[in-house]
Amino acid sequence: MTTTQENRWIGVSAPRREDAPLIRGRGRYIADIEPAGTVHMAILRSPYAHARINGIDTAAAEALDGVHCVLTAADLEGIGDFPTIWRLPGQKECTTPAFAPGKARYVGEPVAAVVADSRYLAEDALDLLDVDYEILDHVVDVEAALADGAPVINEDMGDNTIIEYTFPGINALGVAGDIDGAFEEADEIVSGRFKVGRYSGVALETRGHVAEWDDLRQTLTLHSGSQVASLLRTELAAALGIPETSVRILTPNIGGAFGNQWDRYPEDILVSLASMKLCRPVKWIEDRREALQATVHGREQLQEWQLAANSDGTVLGLKGRVLSDQGAHLHSVGIGPAWVTGAAAVNQYKIANYHCDVVGVATNKTPNSTFRGFGGPEAMFGIERMMDKTARRLGIDPAELRRRNMIQADEFPYFSPGGAVYDSGNYPAALEKALEAVEYDKVREEQQSLRDQGVYRGIGIASYIHVSGFGPSAILGILDYYTGGYEGSTVKIDPHGRATLYTGMIPMGQGTETTLAQVAADHLEIDIANVRVVWGDTDQTPYTGFGSAGSRSNVAAVAVIKAIEEIKAKAVRIGAGLLEADPDDVAYADGRISVKGAEEMRSLSLADVAQQAYWAHKLPEGDQPTLEATYVYDPANFTTACGTHVAVVDVDIDTGKIDWVKYVVVDDAGTIINPLLVEGQIHGALSNGLGGAMLEEFVYDEESGQLLSSTLMDYLVPSFTDLPDFEIHHLVTPSPHTEGGFKGMGEAGCFPAAGALANAVTDALSHLGVEADQTPVTPSRLWSLIDQAGG
Amino acid sequence: MAENMSVVINVNGAGREVSVEPRKTLADAIREDLGLTGTHLGCEHGVCGACTILLDGEVVRSCLMLAVQADGAEITTIEGIADGDALHPMQSAFSEYHGLQCGFCTPGMILAGIDVVSRNPDPSPQEIREEMGGNICRCTGYQKIVESVQAAAAVMSAEGGSA
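Residues numbered from 1 in each chain as written. Chains lettered and ligands numbered in written order. Predicted model: local features only at pLDDT ≥ 70, side-chain atom pairs only at ≥ 80, totals over all residues. Heavy atoms only, no water.

Student: Looking at this structure, how should I read empty space enclosed by the protein?
Tutor: Gaps left between atoms are located by rolling a probe of water-molecule size over the structure's atoms. Residue and element names in this part refer to chain A. For the structure on display, the rule yields 10 cavities of 30 Å³ or more. Its boundaries defined by the atoms lining it, the largest cavity holds a volume of some 240 Å³. Lining the largest cavity we find 20 residues, and of these T515, S553, I673, V678 and M745 sit closest to its centre. Of all the secondary structure elements, the ones that give two or more residues to the lining of the largest cavity are α16 (553–579) and α18 (675–694). Examining the composition of the lining of the largest cavity, we find that 3 residues originate from one element, α18, more than from any other. Looking at the lining of the largest cavity residue by residue, the classes come out as 7 nonpolar, 11 polar and 2 charged. Composition of the lining of the largest cavity by domain shows at least three residues from each of domain 1 (19–26 + 486–633) and domain 3 (301–472 + 636–788). (1 Å grid on protein atoms, 1.4 Å probe; cavity = no way out; pocket = protein on both sides within 12 Å on 5 of 7 lines; lining within 4 Å. Points joined across faces, edges and corners; volume = space filled by probe spheres on them. Helix = DSSP H or I, 4+ residues; strand = E, 2+ residues; numbered from the N terminus. Nonpolar A, V, L, I, M, F, W, Y, C, P; charged D, E, K, R; others polar. Domains from an automatic or database assignment.)

Written as C-alpha cells, this is what we have:
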C-alpha cells in the first residue's frame, strides 16, 4: 500500500462486530438450534475403564413410549472410523470408532445411543439399556502401561507402545550434533524428571450437534461446533459412506473451543447416522460429565531430561525421553502434541547437541489430543525448569543463564536441532524488557528481607517460542501429517463497491470476524462497515487445509490480502479502460481508481468500477465479468512468536497456597492487527496455562480406573480470585516471510505459564530445596512437598 | 411420568404461563418453553454460573431450580435488561472493555455484574473478583471482565445520581 491512509484499521482496537448479539443474549449457539420435528439423542458411556461388551439388551429401552431408536455397534455396518491424520513413521495403526469396538477402553467411551422425543426421555431410556460387561484389568499409569504383563489395551497393537519416535538432533540444513561428545565434555550434568498434568480446554459450552438428513435431496446438514468444518465434512462423509458433496456443515456461535473442537468425535457420526435413519433432525448436546469424560484431554507427559553445561553456564547439550500418555487410542492428531514437545524443547537457546525420544503410550484413559498450545507448553515447562535447575547448580542467576544461552537477534533464520526453523525475534530484548518491567533486581533484593519476616517470595522466569502458522503443506507432507497447511479466501465486491469476504476460519471467541474485516478494509482502503465476513458454512466458504485455530488468523489474513491484490489489479484494468488511460498510468489508492498525477480530475470510485464490472458492457480483453477473486495461501514457512514471562508469588508454607504478587508478559507476535483482542488472547491463554499449572487436573483412580474429577466441583478451573492482573508489554518483530508480518499468537500465552509459576514456587522455597516438578502445583501437592522437606 | 403442571412466571415484565413436567429445571423451561435462549447451560450442577438469572431480585442459578418452584416469581433474564434498543450500561461496558470473547458466560456475567453493582455502587477490583467468584469464564482470564464491571458501575452510579 502506498497511500496516506495506510493502516487505518490494522493496529487499531476496532470494536468487535461479534459482540452485539452476544451481550443481548441473542447469540446462536448449538443448543439454541432446534428445527421443527427435532428429536434428542443421549449416549450411554462405559462406566468401566476396561471391559469387554458381551451383549446389549435394548428391548426395554426401545419399548419406552417416545423412544425413536437405539443405536449400538450392531448398527455400524458400513460405517467407517475417523482416521488419525498425523501418521508418523512406525506409528501403529489407530482410528476413532463411533462405538467402543467390542470392548470399552476408558470410562466414558460411547457404548450405545438412544433417540427420543426429549433429552429427559432419552436419558430415562439409557437406564433401561442392559449391557453385559466383562470387566478386564486396566492400567491408568503410563509407566505401569509399559511394564511387562500390563493389560494390553489395543490387542492388535501387541502392547501399549503406540510409537517410539526419535529426534536425532539434526537441523533442517542436515547438520547433526554430537550429543555424546557434549555430555563427555560438560562440567556439569543436570537431571530432571517432570510430570505434566492431564487437563484440557473445558470450554464453558459443551460439544453438540444438530443433524438434518434431507431424504428428498439426499443431503446431510450438520450444525456443529467443530472448529474445523472442512475436515469434518471430508471425514464425516467418508465415515458415513456418502458423497462429500452431499454434506454441509453450518457453524453457529462457538462457546469456546481451545483446540478440543479441532478433533473429530464419535458423536459426529452417531448424530448423523441417527438423523439418516429417522429422516428427521436429531440433536445431541453433551452434558458436563460427558464433556469431562469424553472430550479429548491434553498435555499429560512424563519427561526425563538431562542437560550438559559448562561451569560458565554454556549449555552444551540436552537429551530427553518423553512418555506421552495418549489414553486409550490415538485421536485425530495422534501423538502430534508430544511430537511438537520434542521439536520445540530447545526453546530459545543455542543448544547445538540434542536428542529426544518420544514414546506414545496407551492407557485406559480418555484420548489425549488437541488442546491450546499443542505440546509447546509441555516443552516449555520441561526446558524452563531445567534452565532454573542448572542455574541453581552452577550458582548463576537464572536470568543470567538464559542471557548467556539465548539465540541472538542477528542469528535468524535459526535452524534448531529440533528440526524447526525460527523465522525472527529478539529473545534477549524480550527478556530484558520483562526483567525491567518486573523490577527484577529490586524484587531479588527484597526477597531476602521478606524471607527473614517469614514471607516466602519467589521469582520465576520462563521464555518461550511458539512455532505457529502451521505450515507449508509440503512440510506437513514430510511430517506425515495428512492435511494441507493452507487457507483460502474469496473476496467479492458487489456492484455498490462493498466487500464480502468468505473465510474458512471459524470465530470461536478470538474475534476472527473483526480482525479479518480489519485486514480487508485496510487493503481495499474502504470503510470497515462496508466489509461483511461470511464464515461457518461449507457450502459457501473456501476449504481450509488446516482449520481454525487460535494461531491461524495470520495465515488466513494473508489469503485475504492476496485475494484483494487480485481484485485491485482487475479494478485498475477496468478503470483504465473507463478512464481511457494506460493501465500502467492508473493506480488503486484510497479505495479509488485514478490516473496517477491526475487524481482530482480522472478518478473513479471502487463502486463506479464495480458497477461496470457487473454490467460488463466494456471489459478489458480477457477479463471476466464481476469483481471477485479467490486466493489459497500456502504459507512459505512457520512463524515463531516468542517472549518471556516473569511470575512473582508468595507461598504460604503452612498451607501450600500460592498468592500472586505480579505477573509480567513480554510477547512478540509480529505485526498486531488488533491490540485489544491480542491482549484478550494473551489473558485467556494465560488462564488456560495457569489453570493447568495450579489447579486443573483429570485425576484417575488407580484402583478402579475411574475419572475422579468428572464434575466442575472436582475439576477446578480458575475462578476470578485465582488469577492475577497481568501486565503486558509487546515487542514487534514482523515475520519476514508473511505478507503483513503477522505471527500466530492466540495460544502463546499458555506456553511459558506453567514454567514461570513452577520456577517462582521453587525459587520461593529454595531454602527447603522444594522443586515444583509436577503440575498442577496444587496447594495440597505443594504442602506435601514442603512437609517432606521439613518446612 | 408425572403429569405436567402449570406454572405462571413474570418474565422480563410480562406474565407467562407454561406447562412443564415437574422434574424440568427452570433453566430448561426458560430456554425451551419460554424461548429465551440467552440463558446458557455450562454445567447443570450449579458451578459455572452461565445460567444466572435474577429471581425476585436475587441472583440464582436457574439450573439448580425446578421450573415449578418459580411459580408466581418474577424473573429477569439477559433478554430483559436492555431498555428497548438502548443497552444496559453493563452490556455496553462488556463490549467496550472486551469483557467477552466466546460470549457463552456473558449473559450470566452481565446479570451477576448488575447484581454486584446494585449492592455496591463503587466496587473495587478485588471486591468484584470476590463477589463474582460464582461465575466461570474460560476465555478472558477475568481481568477485562473486572474492568467492564468497574466501568459499568461508574456509568450506573452517574445515571442513578442524575435520576
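Student: Could you clarify how one ought to interpret the environment of Q408(A) in this entry?
Tutor: Secondary-structure assignment places Q408(A) in the loop between α11 (398–405) and β18 (414–415). Distance from Q408(A) to S118(A), taken between C-alpha atoms, is 62 Å for residues 290 residues apart in sequence.

Student: Help me understand the sheet that holds strand β22 (residues 499–503) of chain A, please; the structure alone is not making it clear to me.
Tutor: Through backbone hydrogen bonds, the strands of a sheet pair up, either in parallel or in antiparallel fashion. All names here are of chain A. Across the sheet, 4 strands lie side by side as β23-β22-β21-β27; this open sheet has mixed pairing. Taken across any chain shown, the strands that pair with only one partner, and hence form the sheet edges, are β23 (531–534) and β27 (627–633). Adjacent strand axes in the sheet meet at a mean angle of 15 degrees when their direction is disregarded. The pairing of strand β21 (residues 487–493) with β22 spans 5 bridges and is classified as antiparallel. Residue pairing across strands places S489 opposite T503, the latter belonging to β22. Against the sheet, helix α15 (residues 512–524) makes contact with β21, β22 and β23, and its axis sits at roughly 135 degrees relative to β23, the strand it touches most. Packed on one face of the sheet, α16 meets β21, β22 and β27 and runs near 145 degrees to β27. (Pairing = 2+ DSSP bridges. Axes fitted to C-alpha atoms, helices over the stretch in contact; angles between N-to-C directions. Contact = heavy atoms within 4.5 Å.)

Student: Would you mind showing me how to read the domain arrangement of chain A here?
Tutor: Accessible area lost upon the coming together of the parts serves often as the stated size of an interface. Residues and elements named next belong to chain A. Taken domain by domain, chain A holds domain 1 (19–26 + 486–633), domain 2 (33–136 + 201–294) and domain 3 (301–472 + 636–788). Between the C-alpha centres of domain 1 and domain 2 the distance comes to 39 Å. Facing 17 residues of domain 1, the contacting portion of domain 2 comprises 20 residues. In terms of surface lost to domain 2, no three residues of domain 1 exceed M508, T538 and Y543, which account for 37% of the buried area on that side. Where domain 1 packs against domain 2, one counts 2 salt bridges. Two residues, D539 and R248, come together in a salt bridge whose shortest N-O distance is 3.4 Å. Put simply, domain 1 and domain 2 have 6 residue pairs in polar contact (both at pLDDT 80 or more) between them. In the side of domain 1 that touches domain 2, the residues fall into 9 nonpolar, 6 polar and 2 charged. (Buried area = accessible area lost by both parts, 1.4 Å probe. Salt bridge = Lys/Arg side-chain N within 4 Å of Asp/Glu carboxyl O. Polar contact = N/O pair within 3.5 Å; in protein donor to acceptor, adjacent residues only side chain to side chain.)

Student: Can you help me understand the interface of chain B and chain A in this one?
Tutor: Each partner contributes residues to the interface: chain B has 53 residues there, and chain A has 48 residues. For the pairing of chain B and chain A, the buried interface totals around 4,200 Å² over both sides, and the portion due to carbon and sulfur atoms is 56%. For the pair chain B and chain A, the interface holds 5 salt bridges. Here R129(B) and D725(A) are joined by a salt bridge, their closest N and O atoms 2.9 Å apart. Across the contact surface, chain B and chain A share 27 residue pairs in polar contact (both at pLDDT 80 or more). Of all elements in the fold, only α1 (26–33), α2 (89–96), α3 (106–119), α4 (125–131) and α5 (143–162) of chain B reach the threshold of two or more residues within the side of chain B that touches chain A. Its residues assigned to classes, the side of chain B that touches chain A shows 23 nonpolar, 18 polar and 12 charged.

Student: Is there a simple way to think about the domain arrangement of chain B in this case?
Tutor: Residues and elements named next belong to chain B. By the assigned domains, chain B splits into domain 1 (5–80) and domain 2 (89–162). When each unit is reduced to the centre of its C-alpha atoms, the spacing between domain 1 and domain 2 is 22 Å. Each partner contributes residues to the interface: domain 1 has 16 residues there, and domain 2 has 12 residues. Taken together, the two surfaces of domain 1 and domain 2 that pack against each other cover about 1,100 Å², and 65% of this comes from carbon and sulfur. On the domain 1 side of the interface with domain 2, the three residues burying the most area are H40, T52 and I78, jointly 41% of the side's total. Where domain 1 packs against domain 2, one counts 0 salt bridges.

Student: Any chance you could explain the sheet that holds strand β25 (residues 592–595) of chain A here in plain terms?
Tutor: Residues and elements named next belong to chain A. Spatially, 3 strands are ordered β24-β25-β26 in an open sheet, and the strand pairing comes out antiparallel. Of all strands in the sheet, those bounded by a partner on one side alone are β24 (586–589) and β26 (603–605). If you compare each strand with its neighbour and ignore which way they point, the axes differ by 20 degrees on average. Along the sheet, helix α17 (residues 606–615) contacts β24, β25 and β26; its crossing angle with β26, the most-contacted strand, is approximately 75 degrees.

Student: What is the right way to read the side chain of H223(A) from this model?
Tutor: Residues and elements named next belong to chain A. Inspection of the secondary structure assignment puts H223 in strand β12 (residues 219–224). A distance of 2.7 Å separates polar atoms of two side chains, one belonging to H223 and the other to E212. Aside from chain neighbours lying at most four places away, what touches H223 is I30, I33, G208, H209, V210, E212 and L250.

Student: I keep staring at the pairing of strand β9 (residues 161–167) of chain A and nothing clicks. Help me out?
Tutor: Residues in a regular strand point their side chains to alternate faces of the sheet. Residue and element names in this part refer to chain A. Most of β9 sits inside the fold, with 5 of its 7 residues counted as buried. Strand direction decides the pairing type here: β9 and strand β17 (residues 353–362), joined by 6 bridges, are antiparallel. Counterpart to T161 in the pairing with β17 is V361. (Buried < 20%, exposed > 50% of the residue type's maximum accessible area, 1.4 Å probe, protein only.)

Student: Would you mind going over the pairing of β21(A) with me for this structure?
Tutor: Residue and element names in this part refer to chain A. Counting buried residues along β21, 6 of its 7 residues qualify, which places the element largely inside the surrounding structure. Taken together, the 7 bridges between β21 and β27 define a ladder with antiparallel strand orientation. Within β27, the residue paired with E487 across the bridge is Y633. The turn linking β21 back onto β22 is made up of 5 residues, and G497 within it adopts a positive phi angle of 90 degrees.

Student: Even after reading the chapter, I still don't get the packing of helix α10 (residues 376–394) of chain A against α11(A), so can you show me in this structure?
Tutor: Any two packed helices are characterised by how steeply their axes cross, that is the angle between the axes, and by the distance between the axes. Residue and element names in this part refer to chain A. In contact at an axis separation of 9 Å, α10 and α11 are set at 110 degrees when each is read in the N-to-C sense. Regarding the angle of α10 to α11, the classification is roughly perpendicular. Seen along the crossing, α10 lies across α11 with a hand that is right-handed. Contact residues: E384, M387, D388, T390, A391 and L394 in α10; P398, L401, R402 and N405 in α11. Along the lines of polarity and charge, the residues of the contact of α10 with α11 split into 5 nonpolar, 2 polar and 3 charged. (Parallel < 35°, antiparallel > 145°, perpendicular 65-115°, else oblique. Left-handed = near helix turned anticlockwise from the far one by under 90°.)

Student: What should I look at first to understand the nonpolar core in this one?
Tutor: Nonpolar side chains in soluble globular proteins generally cluster together in the buried interior. All names here are of chain A. Y663, L757, V761 and L765 are the most contacted members of the largest nonpolar core, which has 183 residues in total. Those residues within four positions of L757 in sequence are excluded, and the remaining contacts are A647, V649, I658, W660, L690, A693, M694 and V777. If you look at the next biggest cluster of nonpolar residues, it comprises 81 residues, including I269, L270, V531 and A581. (Core = buried A, V, L, I, M, F, W, Y, C linked by side-chain atoms within 4.5 Å.)

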